[in-house]
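Working through the structure, step by step
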Amino acid sequence: MRKALDGCDRKTAMERRDYAILLLLAKLGLRADEVATLTLDDIDWRAGEILVRAKGRQRARMPILPDVGAAIVAYLRSGRPKSSCRRLFVRTLAPHVGFASGCAITMIAKAALDRARIEGCAHRGAHIFRHSLAT
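Since this is a predicted model, take the numbers as computed values, not measurements.

**A look at the pattern of salt bridges**
Under the defined criterion, the tally for this structure stands at 6 salt bridges. The partner of Arg17 in a salt bridge is Asp18, and the shortest N-O contact between them spans 2.9 Å. Here the two residues Arg17 and Asp18 agree in accessibility, since each one is buried. In this structure, Glu34 and Arg31 form a salt bridge, with 2.9 Å as the shortest nitrogen-oxygen distance.

Structure (structure tokens):
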């Protein structure tokens, strides 16, 4: 068991960030823009909820699943660069600011799909996770 934990401890900041992003896409079915615009203030740890700014200026409260919460905590503790930016996910290269749009989240998802050698999908990017959760 200790070896498994050691492997997780060696993850890079980018791997921690990307893992947390992918879990939000896959487990909660969030859109790329919704992930990109999450802020540190959107997480209510006591209530176990995330406030999501959805399409059409709507807001929704989503539960923080245990594995999603653990991934976010790991990123915040040992992956997120020091930054005054209130966005939850920031760029790993300076300047450490939030993503301008959901395009960066889509690129993270595409890279993960490429690494996993998943092919033949109608959607290539963040939306495939939302679609898979829905079906």
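Let us keep going from here.
**Looking at the nonpolar core**
Ranked by internal contacts, the top residues of the largest apolar core, which has 33 residues, are Leu24, Leu25, Ile50 and Phe89. Among the elements of the structure, α2 (13-28), α3 (32-36), β2 (49-53), α4 (66-78), α5 (103-115) and α6 (127-134) are those that each provide at least two residues to this core. Sorting elements by how many residues they give to this core places α2 first, with 7 residues.

**Quick look at unusual backbone geometry**
Cis geometry is found at the peptide bond from Ala94 to Pro95, where omega equals -5°. As for its placement among the helices and strands, Pro95 is situated in the loop between α4 and α5.

**Looking at the pairing of β2**
Relative to β2, strand β1 (residues 43-44) runs antiparallel, the two sharing 2 bridges. Note on β2: the bridge partner recorded for Ile43 is Ile50. In this structure, β2 lies alongside strand β3 (residues 59-63), joined through 5 bridges in antiparallel fashion. Looking across to β3, one finds that Glu49 is bridged to Pro63. As consecutive antiparallel partners, β2 and β3 are separated by 5 residues, and within that stretch Gly56 has a phi angle of approximately 65°, a positive value.

**A few points about the sheet that holds β1**
With respect to topology, 3 strands assemble into an open sheet ordered β1-β2-β3, the strand pairing being antiparallel. Both edges of this open sheet fall to β1 and β3, since each of them pairs with a single strand only.

**A word on α4**
Here α4 is 13 residues long and its end C-alpha atoms lie 18 Å apart, about the 18 Å a rise of 1.5 Å per residue gives. Three or more residues of α4 are buried, namely Val68, Gly69, Ala71, Ile72 and Tyr75. For α4, the angular spread of buried residues about the axis comes to 160°, placing them on one side. Every exposed residue of α4 that faces more than 90 degrees away from the buried side is listed here: Pro66 and Arg77.

Thresholds, definitions, all that
For every chain, the first residue of the written sequence is number 1, and numbering continues from 1 along that sequence. It should be noted that, the model being predicted, local features are given only for residues of pLDDT at least 70 and side-chain atom pairs only at 80 or more, the latter also being counted only at that level, while totals for whole chains, interfaces and linings use all residues. Side-chain numbers here rest on the full set of heavy atoms in the structure, without hydrogens or water. Only one rule defines a salt bridge in this text: a Lys or Arg side-chain nitrogen within 4 Å of an Asp or Glu carboxyl oxygen. For every residue, the accessible area obtained with a 1.4 Å probe (protein chains only) is divided by the maximum for its type, and the residue is called buried under 20%, exposed over 50%, and partly exposed between those limits. For our purposes a nonpolar core is just a set of buried Ala, Val, Leu, Ile, Met, Phe, Trp, Tyr and Cys residues, chained together by side-chain atoms within 4.5 Å. For helices the rule is a DSSP run of H or I covering at least 4 residues; for strands it is a run of E covering at least 2, with both sets numbered from the N terminus onward. In this analysis, strands are considered paired if DSSP registers two or more bridges between them. How far a helix is expected to stretch is found by multiplying one less than its residue total by 1.5 Å. Working note: the arc is built from the helix axis to C-beta atom directions.

Scope: geometric values only; no functional claims are made or implied.
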